Amino acid sequence: MKMFTQNKKQKMLLIATTALALVFIISFPYAYASVPSATAEETQSSQARMLNAKGIAVDKANGQAVITSAGFALALEATEVNETIIKFNVVEGTVGINGTEFAITEGNGAVLRDKHVFLLQAEGTGPEGQPVTLKLAGRYFWMWGHLYVARIAGSLQTDSSITLLILRAAIRV
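Residues numbered from 1 in each chain as written. Predicted model: local features only at pLDDT ≥ 70, side-chain atom pairs only at ≥ 80, totals over all residues. Heavy atoms only, no water.

Draft legend 1. Structural context of the pairing of strand β1 (residues 49-61). Bridge analysis of β1 against strand β2 (residues 64-81) gives 13 bridges, and the strand direction is antiparallel. Along β2, the bridge assignment pairs Asp-59 with Val-66. Between the antiparallel neighbours β1 and β2 lie two residues, among them Asn-62 with a positive phi of about 55°. Judged from the eight bridges that link them, β1 and strand β8 (residues 162-172) form a sheet pairing that is antiparallel. Counterpart to Ala-57 in the pairing with β8 is Leu-165. (Pairing = 2+ DSSP bridges. Helix = DSSP H or I, 4+ residues; strand = E, 2+ residues; numbered from the N terminus.)

Draft legend 2. Fine view of unusual backbone geometry. The phi dihedral of Asn-98 falls on the positive side, at around 50°, and the residue is not glycine. Note on placement: Asn-98 falls in the loop between β3 (85-97) and β4 (100-112). Of the residues examined, Asn-98 reaches a relative accessible area of 52% and is grouped as exposed. A positive phi angle is found at Trp-144, which is not glycine, with a value near 75°. Locating Trp-144 in the fold gives a position in the loop between β6 (131-142) and β7 (147-157). By relative accessible area, which is 51% here, Trp-144 ends up exposed. (Buried < 20%, exposed > 50% of the residue type's maximum accessible area, 1.4 Å probe, protein only.)

Structure (structure tokens):
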């Protein structure tokens, strides 16, 4: 039986190939995420994308922090796309906090591509018709294909209270 042996040149070639493959695998998501995916005309003719999130809401009641479940589904539509920023409108959506639904009717936001963050502010109404403001900031990550996920911190503000939100979200683009 003959044993397989490698000389010094073969070992160096194998190590260099492995190192290049690792560099490519690590850098590929960042390169892909920074390339503009659509022109302004393509984006304006496309349909709205759904941003879905689940997490927790933190309220103060009687000096105590009350933690409840929270989530939202927002329809977003891009209005301007370039290499560094994507501006979008919030078309519609709902925010649910511990079973209470808030309707979101309009808003806007932006994605800062080079920093991998997004900002969003939207207006809507509560179950009794009171005005509410949703403010979100998040850091997003590319998860292969057309899927992006984000960690989001924000608030839902009414005339009488501010509810803090900590969420995880996903959107397909």
